[in-house]
Amino acid sequence: MSDRQCTVLLYSDDPKVRDRMRLAVGTRPAPGLVLEFVEASDYAECVRLVDDYEIDLMLLDGEASPGGGLGIARQIKDDRDDAPPTCVVIARAADRWLAAYAQVDATLVHPLDPVTTGTTVAELLGTRAAA
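In this text the structure is predicted, and so the values were computed from the model without any measurement.

Visitor: Break down the state of the cysteines for me, with residues and values.
Guide: Scanning the model with the defined rule gives zero disulfides in all. In this structure Cys46 is a free cysteine whose sulfur lies 13 Å from that of Cys87, the closest cysteine sulfur available. The class of Cys46 is buried, set by a relative accessible area of 0%. Residue class for Cys87 comes out buried when judged on its relative accessible area of 0%.

Visitor: Can you lay out the side chain of Thr117 for me, pointing to particular residues and giving the numbers?
Guide: Examined against the element boundaries, Thr117 turns out to sit in helix H5 (residues 114-130). In contact with Thr117, not counting residues within four places along its chain, are Ala24, Val25, Leu108 and Leu112.

Visitor: How would you summarise the pattern of salt bridges if you had to cite specific residues and measurements?
Guide: Enumeration over the complete set of coordinates arrives at ten salt bridges. The residue Arg18 makes a salt bridge to Glu39 at a minimum N-O spacing of 2.7 Å. Of the two residues, Arg18 sits in helix H1 (residues 15-25) while Glu39 sits in strand E2 (residues 33-40), which places them 21 residues apart along the sequence. Note on Arg18: relative accessible area 10%, which makes it buried. On the basis of relative accessible area, Glu39 is assigned to the partly exposed category, the value being 28%. Of the charged contacts in the structure, one is a salt bridge between Arg48 and Asp52, with a shortest N-O distance of 3.6 Å.

Visitor: Mind laying out unusual backbone geometry, listing which residues take part and the relevant values?
Guide: Backbone torsion omega between Ser65 and Pro66 reads 5°, so that peptide bond is classified as cis. Tracing the backbone through its elements, the reader meets Pro66 in the loop between strand E3 (57-61) and helix H3 (69-79). Omega for the bond connecting His110 with Pro111 falls within 30 degrees of zero, at -10°, which places this linkage in the cis form. Along the polypeptide, Pro111 turns up in the loop between strand E5 (106-109) and H5. Non-glycine residue Gln103 carries a positive phi angle of around 65°. What makes Gln103 partly exposed here is its relative accessible area of 37%.

Visitor: Tell me what's going on with H3, and back it up with residues and numbers.
Guide: Those residues of H3 lying buried are Gly69, Leu70, Ile72, Ala73, Ile76 and Lys77. On an axial view of H3, the arc spanned by its buried residues comes to 165°, and they lie on one face. Contacts from the buried residues of H3 go to strand E1 (4-11), helix H2 (43-52), E3, strand E4 (86-90) and helix H4 (96-101).

Visitor: Can you break down the packing of aromatic side chains residue by residue, with the values?
Guide: All chains considered together, the criterion is met by zero aromatic pairs. The ring of Tyr101 has Arg74 lying over it, and the distance from NZ or CZ to the ring centre is 4.4 Å.

Visitor: A description of the side chain of Thr86 should follow, citing residues and the corresponding values.
Guide: Here Thr86 is to be found in strand E4. For Thr86, a relative accessible area of 0% corresponds to the buried category. Among residues more than four places away in sequence, those in contact with Thr86 are Leu57, Met58, Leu60, Ala73, Lys77, Val104, Asp105, Ala106 and Leu124.

Visitor: Any chance you could break down the packing of H2 against H3 for me, citing the residues and the numbers?
Guide: Across the interface, H2 lies against H3 with an axial gap of 11 Å and an inter-helix angle of 40°. At the point where H2 passes H3, the crossing takes the right-handed sense. Between H2, through Tyr43, Cys46 and Val50, and H3, the contact on the second element is made entirely by Ile72, Gln75 and Ile76.

The rules behind these values
- Residues numbered from 1 in each chain as written.
- Predicted model: local features only at pLDDT ≥ 70, side-chain atom pairs only at ≥ 80, totals over all residues.
- Heavy atoms only, no water.
- Disulfide = S-S within 2.5 Å.
- Buried < 20%, exposed > 50% of the residue type's maximum accessible area, 1.4 Å probe, protein only.
- Helix = DSSP H or I, 4+ residues; strand = E, 2+ residues; numbered from the N terminus.
- Contact = heavy atoms within 4.5 Å.
- Salt bridge = Lys/Arg side-chain N within 4 Å of Asp/Glu carboxyl O.
- Arc of directions from axis to C-beta.
- Phe/Tyr/Trp six-rings, centres within 6.5 Å; stacked < 30°, edge-to-face > 60°.
- Lys NZ or Arg CZ within 6 Å of the ring centre and 35° of its normal.
- Axes fitted to C-alpha atoms, helices over the stretch in contact; angles between N-to-C directions.
- Left-handed = near helix turned anticlockwise from the far one by under 90°.

Structure (structure tokens):
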């Protein structure tokens, strides 16, 4: 059985946050699953990557500025029938209601726990594969 390769879009205006997200997920979050990452640092770049690549999952920083991950998630979900699954990293668990409004598929809370992050990403990619 060969490994399944998936592309994950990391979005944050802060390169250090993108690095922390990448490290928390890892390139092999589950057996048989290999990830490659593409990165965006602003809204326009994020949308361009979703348009130009087959993105299997968006991992967005809810605290990014000026365009937060929640707003980007909602906009892409509104604009595209084929929007990839979305996970937003938020600073406060209390912001999950905003994530629900933004129609995100999962949330994670800063600071990222590698076990929870990898498990969440693998589950979201498993859901995408079954669809």
